[in-house]
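# Examination of the molecular architecture
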Amino acid sequence: MASHAQGNKKGRVKRIAVAAVALAALVGVGVALAVAAANTEEPDYSGLAVEGETSLPQPPKVSSDEGDAEATAPDPAPAAEEPAEPTRPLASPSTTGALHVEGAHLVDAAGNPVQLRGVSTHGLAWYPQYVNEEFFRELKQDWGANVVRLALYSAEEGGYATDASRTALNEQVLKGVEYATKADMYVVVDWHNLTDGNPQTNQWAAAEFFRVMSRDLAQHDNVIYEICNEPNGDTTWADVKAYAAEIIPIIRANDPDAVIVVGTPTWSQDIQDAAADPIAESNIMYTLHFYAATHQADLRERLRTAVEGGLPVFVTEFGICEASGDGKVDYDSADAWLELMDELDVSYICWNLSNKKEASALFKPKCKKASGFALSDLSDAGLWLVDALGGPGFNAKDVMLARADKKSNKAGAAMMAFSSDTIQWQLNVADKWKEDGRTFFKYDMAGSNYSAATEKWSVTIPFNEDISVEDSWNCEVSVDGNELTVSNDAHNGTVGAGDTVGNVGFIVSGTGKLAVVDL
Ligand code: IDC
């Protein structure tokens, strides 16, 4: 099963994993297809794979040491019975107001924990186009983000302390805050030190920047100040504290209650140093950054220990790829991070809003838009993020399909599916041909009932695009866009325990790109 089959939202992941593991254990082949319980309104895919040019796999055997088939048969479609996870309404400035810090948590005025979840710009000097009113509204309303981070590099080409027009950069940040405010989002103003490893290096510029920002933004309850992105090199926590001791009072002079986030040594990983010697001020949080393919269980453990020990930690930046901002993505690690941050109510912000050719960029390089993004504009990281945020602008099923691997559905390929709780189906691509610019697939299906007798059954098979049914036999078929649902006909709904049902099949057609999908 493709690794990112586990990359969907939590509840779904667990269901998929259960079904897939049970299936793999039973049949010993790495194939799985859509699962749809009869009468379930929305099909729950358990993953679908095409196993090369194999012949139809043999019916699964229940080994004797597994005992009675009825007792041990997997429940392939628990989704229908599972209660939905309770969802907390998205915290927004208009409802949760000014935030402050209590113990390990960011909280609203009533002391309820608030989790911010959102995205970070890339360097504002390099990718300013994404800071626009329409897109920020879209981030909130469609993506389900409630925070945006404005990353202002201090050094590097275009950096505030190097060669940039400071006035222009200040205006860019103020515009970003204005758009975030109009979109009813929180906004993090990030002094993005990086190559200037020790924030003290350009402290004079940070002092100037935060003096101007806190003056101009003092009335904005939704602004959070991040005073140093990532101390690194040989910078110690004592250095950071000394820097913070200069910058925090500058902000507090204008904005006494604002939440201020402080970076930690080693690219904002050494939160244990902050825990050992915290800043004796109110409304301070500490930064942890991670890149999921690089930073794994040990850093997650560090986060848990710190938060459970009472340290208020904010993940103001993370990526699901390597720490370079590029390389491979690690969905398993990303999902483990997400689960932990949700469990601990830790706020998080994903790097980065750009179409740069790097794995952390949320848009595909060829996407030149600055708003109005469709799923097809998003990179793998972008798709993962919209899946994680679960905003209303993207249909969850479309996101799932967009994240799926597409398989070339060649004649001879075999797949497996569950249906109706108890029947496992084997599907075989009996034939494939092209005619008048369309591609046709002929499928044979055979099912084995490993549990209680059924009176009816149905199985839903997802394709990567809309399909038409050309023919079918010994079944009823219905099409909903890209999904084909195959159900029993009048004669073969009853399948006794241990019995099989066969000679079922259909022909579908689509464009030359038609393929089944591996979810
Ligand atoms: C990276 C960008 C990349 C840029 C580089 C240097 O993704 O396009 O060339 O910075 O400016 C961080 C930093 C963040 C990095 C990111 C990925 O906060 O600026 O962005 N990263 O390397 N810390 C860990 C990883």
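Okay, so let's go over this structure. Note on numbering: residues in each chain are counted from 1, in written sequence order. At least 70 in pLDDT is required for a residue's local features to be given in this predicted model, at least 80 for side-chain atom pairs to be given and counted, and no such filter applies to totals for whole chains, interfaces and linings, which use all residues. Hydrogens and water molecules were not included; the side-chain quantities draw on all heavy atoms of the structure.

## A look at the site of the ligand
Rule in force here: A single heavy atom is enough: if one lies within 4 Å of a molecule or strand, its residue is considered near that molecule or strand. The term polar contact refers here to a pair of N or O atoms within 3.5 Å; inside protein, the definition further demands a hydrogen-donor-capable atom paired with an acceptor-capable atom, and it admits residues adjacent in sequence only when both atoms are side-chain atoms. For every accessible area listed, the method is Shrake-Rupley and the probe measures 1.4 Å; residues are considered covered only by the protein chains on display. The classification used treats Ala, Val, Leu, Ile, Met, Phe, Trp, Tyr, Cys and Pro as nonpolar, Asp, Glu, Lys and Arg as charged, and all other residues, Gly among them, as polar.
Contacts to the ligand come from 17 residues, most closely from Tyr153, His192, Glu230, Lys356 and Glu358. At 3.0 Å, a side-chain N or O of Asn229 approaches an oxygen atom of the ligand. Contacts to the ligand include Trp351, whose side-chain N or O atom sits 3.0 Å from an oxygen atom. Protein chains bury 83% of the 500 Å² of accessible surface belonging to the ligand in isolation. When its residues are assigned to classes, the shell around the ligand shows six nonpolar, six polar and five charged.

## Structural notes on the sheet that holds strand E19 (residues 483-487)
Within a sheet, adjacent strands bond to each other through the backbone by hydrogen bonds, running parallel or antiparallel. Which entries qualify depends on this criterion: We call two strands paired when DSSP finds no fewer than two bridges between them. Numbering goes from the N terminus for both helices and strands, where a helix is a DSSP run of H or I of at least four residues and a strand is a run of E of at least two. Axes here refer to lines fitted to C-alpha atoms; in helices the fit is confined to the stretch in contact. Angles between the N-to-C directions go from 0 to 180 degrees.
Spatial strand order, E16-E19-E18: three strands in an open sheet with antiparallel pairing. If you trace the sheet from one side to the other, it starts and ends with strand E16 (458-462) and strand E18 (476-480), each paired once. Neighbour to neighbour, the strand axes of the sheet diverge by 20° on average, direction disregarded. Note that E16 and E19 share five bridges and pair antiparallel. Within E19, the residue paired with Pro462 across the bridge is Glu483.

## A look at the sheet that holds strand E6 (residues 186-192)
Spelled out, the test is: In this analysis, two residues are considered to be in contact whenever any of their non-hydrogen atoms come within 4.5 Å of each other.
Around the barrel, which closes on itself, the eight strands sit in the order E4-E5-E6-E7-E8-E9-E10-E11 with parallel pairing between neighbours. Each adjacent strand pair in this sheet contributes to an overall mean axis angle of 30°, direction not counted. Two elements, strand E4 (residues 117-123) and strand E5 (residues 147-153), share four bridges in a ladder whose sense is parallel. Bridge pairing in E5 places Ser120 opposite Arg149. Together, E6, strand E7 (223-226), strand E8 (260-262) and strand E9 (284-291) form the strand contacts of helix H7 (residues 237-254), whose direction differs from that of E8 by roughly 165°. Contacting E9 and strand E10 (313-319), helix H10 (residues 297-308) runs over the sheet at an angle of about 165° to E9.

## Here we look at the pattern of salt bridges
Basically, it comes down to this: Note on definitions: salt bridges are taken to be side-chain nitrogens of Lys or Arg within 4 Å of carboxyl oxygens of Asp or Glu. The classification of residues rests on relative accessible area computed with a 1.4 Å probe and restricted to protein chains. Under 20% of the type maximum is buried, over 50% is exposed, and intermediate values are partly exposed.
Following the criterion strictly, the structure yields 16 salt bridges and no others. The residue Glu483 makes a salt bridge to Lys397 at a minimum N-O spacing of 3.4 Å. Taken together, the residues span a long stretch of sequence, with Glu483 in strand E19 and Lys397 in helix H13 (residues 396-403) at a distance of 86 residues. Residue classification places Glu483 among the buried positions, given a relative accessible area of 4%. Exposure remark for Lys397: the relative accessible area of 18% places this residue in the buried category.

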